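Close look at the chain arrangement
One-letter residues, chain by chain:
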Amino acid sequence: MTILFLAATIVSCTEHPSNAVKSDSQPAIFPDYIGVTIPAGIAPLNFNIVSSNGENIEAVEVAVKGSKAGEMTANGDYAQFDIDEWHTLLSDNKGGKLTLTVTVKANGKWTEYKPFHINVSDKPLGQYGLSYRRIQPGFEVYSKMGIYQRDLSNFDEIAILENTQVPGMCINCHTSNRTNPAQTTFHVRGDHGATMVSTNGKVEWLKARNDSLKGSMVYPYWHPTGRYCAYSTNKTSQSFHSSKSERIEVFDQSSDVFAYDTETHEIILDSLLATNDHYETYPVFSPDGRTMYFCSSKAETIPARYREIRYDICSIAFDPDKGQFGNKVDTLFRASAMKKSATHPRPSYDGRWLMFTMADYGCFPIWHREADNWLLDLRTGKAEPMTEANSKEADSWHNWSANSQWIVFTSRRGDGLHTRLYIAHVDDNGKVSKPFLLPQQNPWKYYDSMLDSFNTPEFLSRPVVFNNRNAGNGIMSDKRIETKIR
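Residues numbered from 1 in each chain as written. Predicted model: local features only at pLDDT ≥ 70, side-chain atom pairs only at ≥ 80, totals over all residues. Heavy atoms only, no water.

**Digging into the environment of Lys144**
Mapped onto the elements of the fold, Lys144 is located in the loop between β10 (129–135) and β11 (145–151). C-alpha of Lys144 to C-alpha of Val218: the two residues are 74 residues apart in sequence and 20 Å apart in space. Not counting the four nearest positions on each side in its chain, Lys144 is found in contact with Arg134, Ile135, Gln136, Glu162, Asn163 and Thr164. (Helix = DSSP H or I, 4+ residues; strand = E, 2+ residues; numbered from the N terminus. Contact = heavy atoms within 4.5 Å.)

Pasting the structure below:
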């Protein structure tokens, strides 16, 4: 009886609008979900009301109506939607839209704001969730960090591996094969550095360095067959700017790209991809596996001429049957001619688009405020900025959903300091929708208290099953598989 009484008391205390004054403006909400396009299976887009002129927000009511069917209401301190009702409403309105009417009580008075819309795409996301690294914004030591997975249908986040199991180590550069975690690789920096390659449950720890390489095996990307994985090997340095508008610069003093054969443990080097007069980095395979794309810049004196380092996007043929590269390198997109630098190429899995990041110079655009994401049409060779998805702060690291309909990328647009994750839809003509911030149960509370930056995001077709205790033991062990040069 006591429980029923308490429940009744809570319901009766919920405030509903009365004598609301209508406003001609739309509400100020965080995150800004006004006009975004979302997939039907996404978690509820809960939001908070942004107070204006120091008003005290006392209560919120949000009425949601589908253009095809259904409606729902949320009441409380912020817009928090019932997850089951939300999913039903989205499912019933694929290809339609939701109309949201927000009424807010502030300083004892109710205001009903002009309704806004959220578009519900009929294009499925087709993914279980996301994986990403969370890292505190420190530069001198490896503070707490980890690789996590997030269920996109709700708010559940699970650690795949945290460096609390391997103190003092840096866990980075993780990727799965076409969003399938059955094949995964990541790199570990530190005293027990290694490159992990996991194929259908078989985990191998590779020696981090080979005498023929200039550094470790980083920036990986799987071949669609799963036999090969492309890596870059880089001699990386960082420095700090004295200007308050610029913080940190990361640059390579040498770098090459290559392919790794998971069956033979051989590194496939080619003189066209390991030159002394150019820096080669960020290799990826085309969806058909017959081409490798990568970034290349003329080598300059570091750090004196670091602002002159500008990367173009290049390509070279690859024969997966023989495990051999072609005999010439082609320039796919010449950003240097525009006095720009193009990095982080990621082809859509349908072979239509190549998404990349454009900055003024350098190979590490996540600290460049001018960094924007671009889309290259592989059919026509035409490249354009993704204007609808870009911002005045750094927009960078990105990946595609398996069906090539959705993208996830990082952006500092929130506070200029921390990278957060945004998702957007890309239609058949390359038009990008307004991106939406990764939903959270209580967005304001979550993002205000979460001081980590999110990076290297990618979609996952299913949850990652990974024994992190065994992984910790493997990292701390000195047992490593030696690689050979082919």
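Back to the write-up after that little detour.
**So, the packing of aromatic side chains**
Under the counting rule described, the total for this entry stands at 21 aromatic pairs. Note on Phe186 and Trp205: the rings are 6.1 Å apart at their centroids and 75° apart in plane angle, and the pair reads as edge-to-face. With Phe186 in strand β14 (residues 180–189) and Trp205 in strand β16 (residues 202–207), this residue pair connects regions lying 19 residues apart in the sequence. Take Phe186: its relative accessible area is 5%, and that puts it in the buried class. Using a relative accessible area of 11% as the deciding quantity, one classes Trp205 as buried. An angle of 40° between the planes, with centres 4.5 Å apart, marks the rings of Tyr219 and Tyr282 as tilted. Separated by 63 residues along the polypeptide, Tyr219 in strand β17 (residues 218–222) and Tyr282 in strand β21 (residues 278–285) bring together distant segments of the chain. For the pair Tyr219 and Tyr282, a shared accessibility class is recorded, and that class is buried. Members of the aromatic cluster, each reached through a chain of ring pairs, are Phe30, Trp444, Tyr446 and Tyr447. (Phe/Tyr/Trp six-rings, centres within 6.5 Å; stacked < 30°, edge-to-face > 60°. Buried < 20%, exposed > 50% of the residue type's maximum accessible area, 1.4 Å probe, protein only.)

**Describing the state of the cysteines**
One pass over the full model with this rule turns up 0 disulfides. Of all cysteine sulfurs in the structure, the one in Cys173 sits closest to Cys229, which takes part in no disulfide; the separation is 11 Å. (Disulfide = S-S within 2.5 Å.)

**Observations regarding the sheet that holds strand β24 (residues 324–333)**
Spatially, 4 strands are ordered β21-β22-β23-β24 in an open sheet, and the strand pairing comes out antiparallel. With one partner strand each, in any of the chains shown, β21 and β24 form the two edges of the open sheet. The average angle at which neighbouring strand axes cross in this sheet is 30°, direction not considered. The pairing of strand β22 (residues 291–298) with strand β23 (residues 311–319) spans 7 bridges and is classified as antiparallel. Note that in β23 the partner of Met292 across the bridge is Ile316. (Pairing = 2+ DSSP bridges. Axes fitted to C-alpha atoms, helices over the stretch in contact; angles between N-to-C directions.)

**So, helix α4 (residues 468–476)**
Of all the residues in α4, the buried ones are Ala471, Gly472, Gly474 and Ile475. Looking straight down α4, one finds that the buried residues subtend no more than 160° of arc, so they occupy a single side. Within α4, the exposed residues directed more than 90 degrees away from the buried face are Arg469 and Asn473. Buried positions along α4 lie against β12 (157–162), β14 and β16. Between the side-chain oxygen of the N-cap and the backbone nitrogen of Arg469 there are 3.2 Å, and the N-cap of α4 in question is Asn467. (Arc of directions from axis to C-beta. Polar contact = N/O pair within 3.5 Å; in protein donor to acceptor, adjacent residues only side chain to side chain.)

**Examining the side chain of Gln183**
Within the element layout of this structure, Gln183 appears in strand β14. Assessed through its relative accessible area of 12%, Gln183 is described here as buried. In contact with Gln183, not counting residues within four places along its chain, are Thr175, Ser176, Asn177, Ser198, Thr199, Trp222 and Gly226.

**Digging into the pattern of salt bridges**
Here the structure, examined in full by the defined rule, presents 19 salt bridges. The salt bridge involving Glu15 is made with Lys105; its shortest N-O contact spans 2.7 Å. Of this pair, Glu15 sits in the loop between α1 (2–12) and β1 (21–22) while Lys105 sits in strand β7 (residues 97–106), and the two are 90 residues apart along the sequence. Accessibility expressed as a relative area gives 15% for Lys105, which makes it buried. One salt bridge connects Arg134 with Asp452, and the closest N-O pair in it is separated by 3.0 Å. Here the residue Arg134 occupies a position in strand β10, and Asp452 occupies one in the loop between α3 (443–449) and β33 (453–460), the gap between them amounting to 318 residues. Classification of Asp452 by relative accessible area gives buried; the value is 10%. Look at the salt bridges and you will find they share partners, linking Arg227, Asp261, Glu263, Glu266 and Arg486 into a network. (Salt bridge = Lys/Arg side-chain N within 4 Å of Asp/Glu carboxyl O.)

**Structural notes on the sheet that holds strand β30 (residues 406–411)**
Strand order in the open sheet formed by 4 strands is β29-β30-β31-β32, with antiparallel pairing between adjacent strands. Each having just a single partner strand, β29 (395–400) and β32 (436–437) make up the two edges of the open sheet. Where strand β31 (residues 420–425) and β32 come together, 2 bridges link them in antiparallel fashion. Looking at β32, one finds that Ile423 is bridged to Phe436.

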